[in-house]
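Observations on the three-dimensional arrangement
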Amino acid sequence: MKRPRGGRSPGAGSRSTGPARGSVLLSSVSSDAHTWNLVFLQLLLEENGYDVVNLGACVPDELLLAEARAHAPDVIVISSVNGHGRADGRRLIGALRADPMLRGVPAVIGGKLGVAGADDAADAELLDAGFAAVFPDSPDTGPFLHLVDTVCTARRAARAAVPVARTGHGVIPSRFGNGLLPAYAADAS
Ligand code: B12
């Protein structure tokens with residue numbers, strides 16, 4: 001499942017041409033071996049105009065952080081369906097928010113996150129821990145795509161507005177630390 005950096009899946013033919021609407025780092029969590037959820041999300045995002053790097057299943061936290069630093073995505077999308085997503089997600093978002101290069105990159109999580117179905121209180125804890133949104137298991141992709149669009153649009157605008165450092169070597173825009181969106185509780189209804 002692990003794909004070359006920055007590559008697109010050969011099958012995602014219906015993606016519109018032109019500049020990407022944003023870049024997404026897609027991954028599962030360290031314990032989760034399921035892959036079709038990731039394939040589904042990759043195709044969904046690519047067909048909606050985003051560049052996607054899909055890290056695949058059973059991704060150790062350190063690898064995910066290293067790939068996120070390397071790719072500097074607009075948004076990190078975490079998917080888990082094996083029932084350990086909340087536990088893995090809490091640990092992972094702690095590591096992401098503690099990393100100086102990544103703490104400004106919005107991350108969302110979704111899927112079948114626990115073994116007992118929907119749990120609003122547990123989802124609220126994930127938001128408190130630092131996820132920008134938590135998506136319960138649902139066939140409705142609208143709220144997710146809306147959030148990804150909002151995040152990518154905001155980050156593009158922040159990049160355009162960000163003060164640049166003028167040095168003897170030219171102009172160096174900062175890629176990180178731009179304004180984060182307020183926490184967004186996804187409405188599955
Ligand atoms: C196929 C399958 C497997 C295959 C996976 C093969 C592969 N290459 O992926 C195998 C046999 C390997 C497997 C293993 C296991 N599985 Co399994 N598996 C399934 C099964 C039957 C289908 C999953 C699937 O591919 N669905 C198709 C994809 C496209 O859909 P999806 O995964 O449901 O994801 C959708 C949504 O959740 C959502 N979504 C997912 N992530 C995200 C993220 C975001 C941001 C958003 C917006 C949306 C979103 O989008 C998708 C499309 O709607 C499901 C049961 C079922 N019918 O769902 C169980 C299921 C997921 N498995 C389950 C379990 C428990 C396991 C095992 C732990 C079993 C075991 N004891 O060993 C292991 C996992 C071990 C591990 N380390 O992870 C449970 C999880 C229980 C839970 N969460 O409450 C399920 C639900 C079965 C069940 N009813 O108990 N499994």
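Here the structure is a predicted model, which is why all the values come from computation and not from measurement.

**A word on the overall build of the protein**
- Scanning the protein for helices and strands turns up five helices and seven strands.
- For the protein, the N- to C-terminal ordering of α and β elements is β-α-β-α-β-α-β-α-β-α-β-β.
- A fraction of 79% describes how many contacts in the protein between residues 6 or more apart in sequence connect residues 24 or more apart.

**Concerning the confidence of the model for the protein**
- Mean pLDDT for the protein: 84, with 76% of residues reaching 70 or above.
- In the model, residues 1-14 has pLDDT below 50 throughout and makes 20 contacts with residues more than four positions away in sequence or in other chains.
- Counting interchain partners and residues more than four positions distant, the pLDDT-below-50 stretch residues 170-189 has 42 contacts.

**Regarding the site of the ligand**
- In the region of the ligand, 23 residues are neighbours, and W36, S79, G83, G110 and G111 sit closest.
- When contributions to the shell around the ligand are tallied by element, the ones reaching two or more residues are α1 (36-47), β3 (75-80) and β4 (107-111).
- The element contributing the most residues to the shell around the ligand is α1, with four residues.
- The residue inventory of the shell around the ligand, partitioned by class, reads eleven nonpolar, nine polar and three charged.

**Examining the environment of V134**
- Considering the arrangement of structural elements, one finds V134 in strand β5 (residues 133-136).
- For V134, a count of 27 C-beta atoms within 10 Å corresponds to the buried category.
- As a C-alpha pair, V134 and A124 span ten residues in sequence and 8.2 Å in three-dimensional space.

**Details of the packing of helix α3 (residues 85-98) against helix α4 (residues 120-129)**
- As a packed pair, α3 and α4 sit with axes 9 Å apart at the nearest point and diverge in direction by 10°. As the angle between them shows, α3 and α4 are arranged roughly parallel. α4 is crossed by α3, and the crossing has left-handed handedness. Note on element contacts: α4 touches α3 through A122, L126 and A129, opposite R86, G89, R90, I93 and G94.
- Within the contact of α3 with α4, the residues separate by chemical class into four nonpolar, two polar and two charged.

Thresholds applied
- Residues numbered from 1 in each chain as written.
- Predicted model: local features only at pLDDT ≥ 70, side-chain atom pairs only at ≥ 80, totals over all residues.
- Helix = DSSP H or I, 4+ residues; strand = E, 2+ residues; numbered from the N terminus.
- Contact = placed C-beta atoms within 7 Å.
- pLDDT = per-residue confidence, 0-100.
- Near = placed C-beta within 6 Å.
- Nonpolar A, V, L, I, M, F, W, Y, C, P; charged D, E, K, R; others polar.
- Buried ≥ 20, exposed ≤ 12 C-beta atoms within 10 Å, placed from the backbone.
- Axes fitted to C-alpha atoms, helices over the stretch in contact; angles between N-to-C directions.
- Parallel < 35°, antiparallel > 145°, perpendicular 65-115°, else oblique.
- Left-handed = near helix turned anticlockwise from the far one by under 90°.

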